[in-house]
Amino acid sequence: MIFPPVEPADSKVPRRNALDEVRSLGKEDGDDADSCTTLNEKRRATLAEIDNARFSWFHVRVCLIAGVGFFTDSYDIFAISIASVMLGYVYGHGQHLSANQDLGIKVATPVGTVVGQLLFGWLADVFGRKPIYGYELMLMIVASFGQALAGQAHGANIIGVLVVWRFVMGVGIGGDYPLSSVIPAEFSSTRIRGRMLAAVGANQGWGQLTAALVSFIITRAYKPALLADDPLVLAHVDFMWRLLIGLGCVPGAIALYFRLTIPETPRFTMDVERNVRRARRDVNRVITEGGSVGAAYYVDGEGDAVVRRVRAPKATRRDFMQYFSRRENLVPLLGMCYSWFAIDVAFYGLGLNTSIILQAIGFGSPSATVTGVEAVYENLKNIAVGNMILAVAGLIPGAWTTFLFIDYWGRKPIQLLGFVMLTILYIIMGFAYHDLTATSAGRKTFVFLYCLTNFFSNFGPNSTVSVFPGESFPTRYRSTAFGIAAASGKVGAVISQVGFGKLVNIGGENAFVPHLLEIFAFFMLTGALATLVLKEGKRLTLEEMSNERQEEFIQGKAYSDREDQVEMG
């Protein structure tokens, strides 16, 4: 991880954290205590306005702007579960993608997501949330178009081209994770922060449902043309997957303007830009008075070309290492990383292979009497219907149940409950797999249990793992730490995809599925154990969650940008 460079420290001088640095600066400059006290009082008053603000239309807009990103992320990620089947019909040998082709298509996005989460998480702490927000959406839009327009040629294999574009899209998706969680957290009042973050994350369920619904509509719309196709060519399936993937850029394109015009969060303005005066004005305009999201914020430039700033802790490599070397900061971060890793192993291991699971158990598969192009149509339609059932019966209700209870029960109890229930469900599905899939009634029971796993994923860790890092750590490191935790999760998704692709056919086609479910149960159990080290954030402010003293956060009188440039130069 790259952090702002620091001057080499004398080995004989004791190492000090950022608070020590600003205290010494205040003393060296002859800063008087009354000035520091006043500045800290203004900062605390500004934070109190944010933390105690009444729920307003501004909070709704922030949730919608951030939520569109999660909706698009989910659509783009999970549409490939259906599109890969279509790609197999058109470009696969024997109308199926090879194991490596299918793996490459599905794993490219999580790999890119890891890069995007780490990169954009760090950039948002260095340059600010506002300057970065929107660029990740541009990457997703461009990559969706690139996939839809990808072609086959003598010098370029279309599967390879798609892998590259899906990696680029993954970088954009990864960038969306820290920004779309940290921004709502820093704008939210304390009593509704959990619900705001849960509402943003709940859009993942709607994205997955929309991907399945669009696939179903496209399949039905192309039915006459598809049934008239040559069974060995299936030209119209090529149109179908391009539409399915390409339409993923529509919600992002709609939301792009609003992301580019969202104001900077007051916490970043105060704690990183060190401009308390501007932060107070922004709070009054946007939260207290309900100003427009796209309003201009020219505060210090109004009648004064010099921006006045305060002395406050700054992000440096040394300060970062010193902060996270403390047990009360490092252990929760590791717990967040592993919790996210554990849930993504199962959630993406199954979610990106739903079509394989449904086919493996014979749920919705075309009957033996249906052959040729009609069998292709029936298979694509049934896969879309199966994905819709799983989203409606499990993912969406689970996410909104979390929304209802997260600020009353707390994040930790919900995550712990989810992991425990998932452990039980995966054990039942794994060890009773052959009995459950042997009869029609058993297969319906299996699908019901599968829906329950989706429900307790979202009424559980899949909703809460993004809440913990979004409301923990100091403002100067919050986005970076979020990116680290989120990237750990996507490493789990990558490992799960590679493992699923390599293991699923051991002993025969889809023969290893029950053992994969048993492996997932183990990860759910260890995820429950990791949850125990996390700190509950219910009704606590972000500053209380940061584990830093707030009474003397500001330790110096205001100074101008010109003074800052001289000092830093």
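Residues numbered from 1 in each chain as written. Predicted model: local features only at pLDDT ≥ 70, side-chain atom pairs only at ≥ 80, totals over all residues. Heavy atoms only, no water.

Draft legend 1. The arrangement of the overall build of the protein in detail. What the protein contains, in helices and strands, is 27 helices and 2 strands. Expressed as a percentage of the 569 residues in the protein, the buried residues total 58%. Expressed as a percentage of contacts within the protein between residues at least 6 apart in sequence, the contacts between residues at least 24 apart total 86%. By element, 64% of the accessible surface of the protein is carried by carbon and sulfur atoms, the whole surface being about 22,400 Å². (Helix = DSSP H or I, 4+ residues; strand = E, 2+ residues; numbered from the N terminus. Buried < 20%, exposed > 50% of the residue type's maximum accessible area, 1.4 Å probe, protein only. Contact = heavy atoms within 4.5 Å. Areas by Shrake-Rupley, 256 points an atom, 1.4 Å probe, with all protein chains shown as cover.)

Draft legend 2. Inspection of the confidence of the model for the protein at higher detail. Residue-level pLDDT values for the protein average 84, and 84% of them are 70 or greater. Per-element mean pLDDT across the protein ranges from 40 in helix α27 (residues 561-568) up to 96 in helix α19 (residues 411-431). For the stretch residues 1-34, pLDDT sits under 50, and the model shows 52 contacts to residues farther than four places along the chain or on other chains. Here residues 560-569 is modelled with pLDDT under 50, and outside its nearest four sequence neighbours on either side it reaches 12 contacts, counting other chains as well. (pLDDT = per-residue confidence, 0-100.)

Draft legend 3. Fine view of the nonpolar core. Ranked by internal contacts, the top residues of the largest apolar core, which has 133 residues, are Leu244, Tyr426 and Leu517. Looking at this core element by element, the count peaks at 17 residues for helix α3 (residues 57-91). Among all residues touching tyrosine 426, those that are not within four sequence positions of it are Ala346, Leu350, Thr453, Leu517, Glu518, Phe520, Ala521 and Met524. (Core = buried A, V, L, I, M, F, W, Y, C linked by side-chain atoms within 4.5 Å.)

Draft legend 4. Inspection of helix α15 (residues 317-324) at higher detail. Among all positions in α15, only Asp319, Phe320, Tyr323 and Phe324 are buried. Buried residues in α15, looked at end-on, bunch into an arc of 115°, giving them a common side. (Arc of directions from axis to C-beta.)

Draft legend 5. Representation of the pattern of salt bridges. Taken as a whole and assessed by the stated rule, the structure comprises 20 salt bridges. The salt bridge involving arginine 278 is made with aspartate 282; its shortest N-O contact spans 3.7 Å. Here aspartate 282 and arginine 278 lie together in helix α14 (residues 276-288), a separation of 4 residues that amounts to about one turn. Residue arginine 278 is classed as partly exposed on the basis of its relative accessible area of 22%. Glutamate 378 is the salt-bridge partner of lysine 381, the closest N and O atoms lying 3.4 Å from each other. Remark: glutamate 378 and lysine 381 occur in helix α18 (residues 372-405); sequence separation between them is 3 residues, near one turn of the helix. Taken together, the shared-partner salt bridges connect Arg193, Arg195, Asp407, Arg411 and Glu471 into one network. (Salt bridge = Lys/Arg side-chain N within 4 Å of Asp/Glu carboxyl O.)

Draft legend 6. Local environment of a nonpolar patch on the surface. A contiguous nonpolar patch, built from Leu404, Phe405, Tyr408, Trp409 and Leu417 and spanning about 500 Å² of accessible area, is present on the exposed surface. Within the secondary structure, tyrosine 408 is located in the loop between α18 and α19. (Patch = residues over 30% accessible without salt bridge, like charges linked within 9 Å, V, L, I, M, F, W, Y side chains within 5 Å.)

Draft legend 7. How the structure looks around unusual backbone geometry. Phi at leucine 234 takes a positive value of approximately 55°, unusual for a residue other than glycine. If you trace the backbone, leucine 234 turns up in the loop between α10 (223-227) and α11 (235-246). The backbone of arginine 274 sits at a positive phi, close to 60°, despite the residue not being glycine. Among the structural elements, arginine 274 can be located in the loop between α13 (266-271) and α14.

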